[in-house]
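# Geometric and topological summary
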Amino acid sequence: MAEALDVPLDLMLVRKLGIPFHEETAMGAIAMNNITYVDEPLIRRLRIPDAAVSNVIKKETDELARRNVAYRGDKPYPDLKDKNVIIVDGEGRSDASTRVHE
């Protein structure tokens, strides 16, 4: 797509924060540069302890960093301020990971 449009291509990696007892259900999402979205009302409603949330964030942050190095190397993120961006999703994405991009 980037080639057809003659525009630069880069990756914005996002990791879902799955609830501890059902990892496929998102309680939030993270992205590089310490971008975090946590669904506080859901966490309160499900009575997920702060320590459990912190453990999931730590685990997914480590995996995000590993994948960032594997896929992007040490390339800095481009400055996207005041730019139009086309998001192409390679996987199904939860509402939580979409909110990281807002």
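Residues numbered from 1 in each chain as written. Predicted model: local features only at pLDDT ≥ 70, side-chain atom pairs only at ≥ 80, totals over all residues. Heavy atoms only, no water.

### Re the overall build of the chain
When helices and strands are tallied, the chain shows 4 helices and 3 strands. Counting helices and strands in the order they occur from the N terminus, the chain gives α-β-β-β-α-α-α. Buried positions account for 25% of the 102 residues belonging to the chain. Counting only carbon and sulfur atoms, one obtains 51% of the accessible surface of the chain, whose full area is about 7700 Å². (Helix = DSSP H or I, 4+ residues; strand = E, 2+ residues; numbered from the N terminus. Buried < 20%, exposed > 50% of the residue type's maximum accessible area, 1.4 Å probe, protein only. Areas by Shrake-Rupley, 256 points an atom, 1.4 Å probe, with all protein chains shown as cover.)

### Quick look at the pairing of strand S1 (residues 14-19)
Taken together, the 6 bridges between S1 and strand S2 (residues 22-31) define a ladder with antiparallel strand orientation. The residue bridging Ile-19 from the neighbouring strand is His-22, located in S2. (Pairing = 2+ DSSP bridges.)

### Considerations on the sheet that holds S2
What the 3 strands build is an open sheet, ordered S1-S2-S3; its pairing is antiparallel. One side of each edge strand has no neighbouring strand; the edge strands of this open sheet are S1 and strand S3 (35-38). Averaged over all neighbouring strand pairs, the angle between strand axes comes to 40°, with direction disregarded. Bridge count between S2 and S3: 4 bridges; the pairing is antiparallel. Across the sheet, Gly-28 pairs through a bridge with Val-38, a residue of S3. On top of the sheet, helix H3 (residues 50-72) reaches S1, S2 and S3; it is set at about 155° to S1, its chief contact. (Axes fitted to C-alpha atoms, helices over the stretch in contact; angles between N-to-C directions. Contact = heavy atoms within 4.5 Å.)

### As for the pattern of salt bridges
Tallying each qualifying case throughout the model produces 9 salt bridges. Between Glu-23 and Lys-59 there is a salt bridge, and its shortest N-O distance comes to 3.7 Å. Taken together, the residues span a long stretch of sequence, with Glu-23 in strand S2 and Lys-59 in helix H3 at a distance of 36 residues. Judged by relative accessible area, Lys-59 falls into the partly exposed class, the value being 46%. Among the ionic pairs, Asp-62 bridges to Lys-58, the shortest N-O distance being 2.6 Å. Here the residue Asp-62 and the residue Lys-58 both occupy positions in helix H3, the gap between them amounting to 4 residues, near one helical turn. Here Lys-58 falls in the partly exposed class, since its relative accessible area comes to 49%. (Salt bridge = Lys/Arg side-chain N within 4 Å of Asp/Glu carboxyl O.)

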